[in-house]
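Each chain is listed here by its residues.
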Amino acid sequence: MPHIEIDKRELDELMENEVSEQKLREEAAFLGAHSWEKQGEHRWDVETYPNRPDFLSVEGLARAYRGFFGFEEGRVRYEPAPAEVEVSVEEPVKDVRPHIGCAVVRNIELSRKKINGLIQLQEKLHETMGRRREKLAIGLHDLSGLEPPFRYTAKRPGKVSFRPLESEKEMDLGEILETHEKGRKYSWILEEEERYPVIIDSDDQVLSFPPIINNQLTEVEEETEDVFIDVTGMDEDTVRDCLNILVTALAERGGDIEKVDVDGEELPVLEPDTMELDTDYVRNISGLDISADEIAERLESMRYSVKEGEMLEVEVPCYRTDVMHDYDLIEDVVIAHRYSNVEAEMPEIDQTAELSPVEGFSDLMRDVLAGTGALETHTYILTNEEDVYRKSMLPEKDLVRMENPLTEEHSIVRPSMLPGLLKALSNNRHRGYPQELFEIGEVSVCDDSDTGASDTGKLCYVACGPEKGFTDVRKILQVLERDLGVELEVSENERRNLRTSRSGIITCGDRKIGYIGELDPEARDNWELEAPVAVMELDVDTLHEAL
Amino acid sequence: MRLTKQAENLLSVLKQESEVTVSELEDDGMDQSMINRAALELEEKDLCTIESSEVEKGYTLTSEGREILERGVSPEKELVEEAGDQPVSTSDDIWHKPVALGQARERGWIDLKEGDVFLTEEGANLEEDPVFQGLKRLKDGGEPEDPETLIERGLVEKEVATEKVLEATEKAEELDLDSIEERFNVESRADTPRTGKKHFYKNVIDEAKGIWLEMGFQEMQGEFVVPSLLNFDALFTPQDHPARELQDTFFLEKPARSSLEEFGEKVEKIGKVHEDGGTPNGRGGGMAGAGGRGPGNVLRTHTTAVSAETLHRIDIEDEELPKKYFKIARNFRNETVDATHLPEFIQTEGIVVGEDLNFRNLKGYISKFFERMGYDEFRLIPSYYPYTEMSVEVQVKHDGEWVGLGGAGMFRPEVVKPLLGREVPVLAWGLGFGRIAFLQMGLDDIRDLYRNDIENLEKTPVWRPER
């Protein structure tokens with residue numbers, strides 16, 4: 001989850017109140033920025049959740065906490081000036097990166113620290129909402145040297161050149177993708193394009209090559225007073241939401257927002273959405289005994305504005321991109337009420353407990369097996385063909401196989417419990433013998449069910465030691481027979497990984513339940529086991545059905 | 001008279017032999033600490049005396065002695081041999097010069113005149129090397145002729161050991177062994193036998209299972225392989241949510257796709273919810289519908305997929321609400337293995353479905369569960385999951401720190417309505433289990449839960465909650 005670094009002095013200044021470190025540590029998490037950790041004298045690391053991109057700047061946090069800590073309430077009103085700058089969106093870019101949102105923020109006082117905060121906000125928005133710039137990318141420009149109106153268009157790689165940030169020389173768009181650090185990092189986004197997006201002013205100066213890099217010419221510096229913001233991307237709503245988060249953060253710093261005419265529409269749109277909220281619904285879902293006034297109060301402290309009536313009319317601030325449903329408002333009511341103030345209550349629900357029959361049956365068998373002196377293991381469900389086929393020499397199965405495993409070690413779902421238990425024996429070679437292990441668990445193989453694979457419960461038992469053999473496992477099988485009250489038959493049957501003539505299938509009536517036998521010396525060698533190993537594996541589901 | 005079996009045995013030996021040492025008894029196969037305990041018991045009852053005495057145990061060679069033995073000649077003899085062949089001066093390089101000169105002179109083998117060495121007659125006729133011979137005899141297990149000289153020369157040391165000598169007292173001599181009653185030592189420890197045993201991690205799981213059953217929950221059914229529809233789409237997880245990206249989710253090469261036939265119209269409804277929220281008061285996540293990945297299979301990344309399937313299976317027309325369900329099962333994340341990350345992990349999942357349920361009830365169930373699992377301090381803080389609202393992180397106090405053990409919340413109407421058929425409050429949680437076991441068993445490597453070291457399995461106590 002995204003982390004940001006803030007300076008607590010800036011937070012206090014923006015909140016117009018000094019909040020103690022203890023209060024931040026103990027209470028701040030209850031608003032939904034997950035953790036606050038002090039890193040230096042004034043430096044704090046704040047972990048946020050992806051649903052609140054408006055928390056990715058100290059300005060956004062201060063705005064929310066001003067309300068949460070009770071310094072201010074209601075919606076912050078942003079009143080943008082009418083557009084002076086125009087941006088036209090030209091045809092070629094519409095197939096490449098179709099959407100752009102722009103705004104101007106004037107009369108802003110910047111410092112190195114504030115610029116770093118802005119860059120952090122920009123980068124974090126790129127990572128989260130922007131899905132690493134694919135979905136959206138942000139450009140911030142010093143407006144002073146530029147000549148509006150601007151054009152958002154797409155050009156062939158060799159047609160346009162400029163000097164990008166962090167570079168000494170002028171390059172064309174193709175060179176930037178090939179040689180500039182940012183170009184190499186993000187060139188995948190434009191991989192299939194013939195033309196690349198650019199924003200150009202009326203003197204043909206390039207502002208930006210989204211989503212890659214800006215022109216050095218427009219770099220925002222401490223002297224910058226007027227900032228031009230562009231947000232480009234693939235989805236119109238996301239582009240506009242992001243623009244709102246950016247401009248309102250800058251406005252929190254005292255900047256004056258000015259709209260930009262983008263193809264005839266003035267952006268940003270900072271008017272709130274209005275939602276109606278039924279107070280009974282709030283009470284029912286939250287379980288809180290809370291009046292309409294109190295609900296309104298809670299919402300106001302979460303920076304909504306509320307008009308009371310039969311239904312509450314709630315104005316949702318333009319930067320709250322996460323609010324989609326009444327439920328989201330109810331959540332904010334409860335957050336403002338504080339989760340810690342919610343009293344736990346157990347409802348009376350009369351229902352008889354029920355364990356799935358096979359689960360209960362498995363537990364019974366675990367008791368029986370532990371009673372025979374064997375140790376229960378806990379092994380991985382994910383495994384690999386090396387362990388299953390080569391080492392354990394299991395017969396071919398239609399395996400459940402991952403498309404994208406990070407390691408070959410965990411690349412299939414186990415079709416049998418045996419490899420896991422043999423691995424456990426192999427890991428215990430330095431311990432005393434004899435060793436008896438068992439586990440009951442699920443395996444999965446492909447079949448013709450709806451998902452294409454089904455889980456089956458299996459019981460696996462292994463015994464290893466100089467004196468261990470078929471008879472030892474047969475004895476355990478008989479203990480199961482005795483204690484479960486079932487009759488099982490063993491008949492001789494060859495199996496690739498078991499010793500000839502010491503291998504059998506286990507049946508119950510006409511149902512095949514599993515196999516039993518002594519492990520073939522080759523499989524033993526594969527697991528570097530020196531003593532004989534005897535094994536059995538039973539199908540728990542079939543056995544349960546047979547009872 | 002009452003004696004332990006061991007003391008009685010010792011006494012019967014002492015009555016036969018007038019005097020015996022501990023090491024002699026050890027040589028007879030008795031355990032040293034057992035002899036000492038039995039002797040003390042007898043001494044206490046005035047049946048034997050224990051005396052320490054020094055016993056000579058023969059001689060050992062010093063390093064100088066060993067050097068002579070290895071070289072096969074003593075320095076004084078070597079000096080005599082060299083002086084016999086050619087003139088030797090005291091300024092020459094002589095092996096162990098001061099010793100060689102001193103000893104040879106003392107034995108009357110040489111004379112010194114103005115720094116030159118002259119053999120005496122005795123020296124000139126010398127054949128034996130008494131020092132070497134003495135050492136050699138000693139090494140071969142014999143007794144040297146003149147041990148004192150060798151000791152003075154620092155070539156040999158006398159070995160002395162302290163021995164405990166046990167002797168029966170008069171009282172013991174008179175005591176009739178048949179009159180002794182056996183005293184049993186209840187204090188001494190026996191060997192702990194090897195037994196069968198359930199796995200310590202499964203103890204934790206069994207305990208949790210018991211708690212849900214006590215609360216009347218029914219177990220849910222679900223499998224490892226699920227369509228993205230259940231794992232993501234039905235849970236209102238946006239198409240481009242980071243969790244879907246390759247590094248977190250195991251997508252399947254085989255079986256690659258599910259048939260969604262049994263979900264019928266729900267597939268479309270789930271897709272629509274992503275576009276417009278699907279409810280009069282809602283707006284969608286602005287995301288593409290479920291049409292794309294819906295049937296694509298994954299290994300479930302959370303047991304919430306099982307909850308989604310359970311909601312789908314409830315026949316809302318026929319079955320009566322409320323209902324409560326649980327599941328404790330394995331989930332899979334495509335992660336690199338290290339001390340704190342594994343590609344599989346166990347969660348305990350729960351849902352409660354009913355018209356009158358609310359957030360306070362959610363807190364009720366979760367606090368009950370954690371209380372029963374042995375945590376007296378826990379808290380809920382706001383969190384985020386695409387499918388819940390309120391979204392909650394459950395934290396417990398462990399060693400003074402708040403530690404997150406999982407998520408909880410109320411399923412969003414966008415989740416419930418398409419799956420169940422109408423909007424009903426659903427309380428839901430998915431609590432990480434490995435973390436609970438990890439913290440409570442004091443492990444520092446999560447892989448230890450899967451290591452199956454026999455010694456560790458045997459010695460780990462059966463887990464029970466601290467309550």
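All of these numbers come straight from a predicted model, not from anything done at the bench.

### Details of the sheet that holds strand E7 (residues 156-168) of chain B
Backbone-to-backbone hydrogen bonds pair the strands of a sheet. The strands run either parallel or antiparallel.
Residues and elements named next belong to chain B.
Here comes step 1: In space, the 3 strands of this open sheet follow the order E2-E7-E3, with antiparallel pairing throughout. The two strands at the open ends of the sheet, each matched to only one other strand, are strand E2 (19-21) and strand E3 (48-61). For this sheet, the mean inter-axis angle between neighbouring strands, taken without regard to orientation, is 35°.
Here comes step 2: Bridge count for E2 against E7 is 3 bridges, and the pairing is antiparallel. Bridge assignment links Thr21 to a residue of E7, and that residue is Val165.

### Some points on the interface of chain B and chain A
Here comes step 1: Residue-level contacts link 104 residues of chain B with 95 residues of chain A.
Here comes step 2: There are 12 salt bridges connecting chain B and chain A.
Here comes step 3: Across the pair Arg431 of chain A and Asp453 of chain B runs a salt bridge whose closest N-O atoms are separated by 3.1 Å.
Here comes step 4: By residue number, the principal contributor to the side of chain B that touches chain A is helix H15 (residues 359-372) of chain B, which donates 8 residues.

### Re the packing of helix H9 (residues 292-301) of chain A against helix H10 (residues 326-337) of chain A
All names here are of chain A.
Here comes step 1: Following both chains from N to C, one finds H9 and H10 inclined at 90°, their axes separated by 8 Å at the closest point. Taken as axis vectors, H9 and H10 run roughly perpendicular relative to one another. Contact with H9, carried on its side by Ile295, Arg298, Leu299 and Ser301, involves Leu329, Val333, Ala336 and His337 of H10 and no other residues of that element.
Here comes step 2: A per-class count over the contact of H9 with H10 returns 5 nonpolar, 2 polar and 1 charged.

### Things to note about the sheet that holds strand E25 (residues 489-492) of chain A
All names here are of chain A.
Here comes step 1: With mixed pairing, 7 strands are arranged side by side in an open sheet as E19-E23-E24-E28-E27-E26-E25. Every other strand in the sheet has two partners, leaving strand E19 (375-376) and E25 as the edge strands with one partner each.
Here comes step 2: Across 12 bridges, strand E23 (residues 435-446) lies against strand E24 (residues 453-464) in antiparallel orientation. Pairing of Cys446 across the sheet is with Ala453, part of E24.
Here comes step 3: Against the sheet, helix H11 (residues 357-371) makes contact with E19, E23 and E24, and its axis sits at roughly 155° relative to E23, the strand it touches most.
Here comes step 4: Of the strands in this sheet, E24, E25, strand E26 (498-508), strand E27 (511-519) and strand E28 (533-539) touch helix H14 (residues 470-484), which is tilted by about 30° from E28.

### Topic: the packing of aromatic side chains
All names here are of chain B.
Here comes step 1: Applying the stated criterion across every chain yields a total of 22 aromatic pairs over all chains.
Here comes step 2: Taking the centre distance of 5.9 Å and the plane angle of 65° together, the rings of Phe370 and Tyr375 count as edge-to-face. With respect to class, Phe370 is no different from Tyr375; both count as buried.
Here comes step 3: Aromatic rings pair up to connect Trp212, Phe217, Tyr365, Phe369, Phe370, Tyr375, Phe378 and Trp429 into one cluster.
Here comes step 4: The ring of Trp95 is capped by Arg71, whose NZ or CZ atom sits 4.1 Å from the centre of that ring.
Here comes step 5: Taking the ring centre of Phe118 as reference, the NZ or CZ of Lys113 above it sits at 5.7 Å.

### A word on a negative patch on the surface
Residues and elements named next belong to chain B.
Here comes step 1: Judged by side-chain charge, Glu17, Glu19, Glu24, Glu26, Asp27, Asp28, Asp31, Glu51, Glu167, Glu170, Glu173 and Glu174 come together as a negatively charged surface patch.
Here comes step 2: Among the elements of the structure, helix H2 (22-27) and helix H10 (170-174) are those that each provide at least two residues to the negative patch.
Here comes step 3: On the secondary structure map, Glu174 appears in helix H10.

### Some remarks on the pattern of salt bridges
Here comes step 1: Counted according to the given criterion, the structure contains 74 salt bridges over all chains.
Here comes step 2: Between Glu455 of chain B and Arg431 of chain A there is a salt bridge, with its nearest N and O atoms 2.9 Å apart. Here Glu455 of chain B, found in helix H18 (residues 454-459), pairs with Arg431 of chain A, found in the loop between helix H13 (418-427) and E23, and the two come from separate chains.
Here comes step 3: Here Glu455 of chain B falls in the partly exposed class, since its relative accessible area comes to 38%.
Here comes step 4: Arg431 of chain A sits in the partly exposed class, given a relative accessible area of 23%.

### Structural notes on the domain arrangement of chain B
Here comes step 1: Under the domain assignment, chain B is made up of domain 1 (2-57 + 160-182), domain 2 (63-154) and domain 3 (201-224 + 300-459).
Here comes step 2: Placing the centre of domain 1 of chain B and that of domain 2 of chain B at their C-alpha centroids yields a distance of 50 Å.

### Structural notes on the environment of Glu408 of chain A
Residues and elements named next belong to chain A.
Here comes step 1: By the element assignment, Glu408 lies in the loop between strand E21 (401-402) and strand E22 (412-413).
Here comes step 2: On the basis of relative accessibility, which here comes to 60%, the residue Glu408 falls in the exposed class.
Here comes step 3: Spatially, the C-alpha atom of Glu408 lies 8.7 Å from that of Glu385, the residues being 23 residues apart in sequence.

Rules of the game
- Residues numbered from 1 in each chain as written.
- Chains lettered and ligands numbered in written order.
- Predicted model: local features only at pLDDT ≥ 70, side-chain atom pairs only at ≥ 80, totals over all residues.
- Heavy atoms only, no water.
- Pairing = 2+ DSSP bridges.
- Helix = DSSP H or I, 4+ residues; strand = E, 2+ residues; numbered from the N terminus.
- Axes fitted to C-alpha atoms, helices over the stretch in contact; angles between N-to-C directions.
- Contact = heavy atoms within 4.5 Å.
- Salt bridge = Lys/Arg side-chain N within 4 Å of Asp/Glu carboxyl O.
- Parallel < 35°, antiparallel > 145°, perpendicular 65-115°, else oblique.
- Nonpolar A, V, L, I, M, F, W, Y, C, P; charged D, E, K, R; others polar.
- Phe/Tyr/Trp six-rings, centres within 6.5 Å; stacked < 30°, edge-to-face > 60°.
- Buried < 20%, exposed > 50% of the residue type's maximum accessible area, 1.4 Å probe, protein only.
- Lys NZ or Arg CZ within 6 Å of the ring centre and 35° of its normal.
- Patch = residues over 30% accessible without salt bridge, like charges linked within 9 Å, V, L, I, M, F, W, Y side chains within 5 Å.
- Areas by Shrake-Rupley, 256 points an atom, 1.4 Å probe, with all protein chains shown as cover.
- Lys, Arg positive; Asp, Glu negative; His and termini not counted.
- Charge placed at Lys NZ, Arg CZ, Asp CG, Glu CD.
- Domains from an automatic or database assignment.

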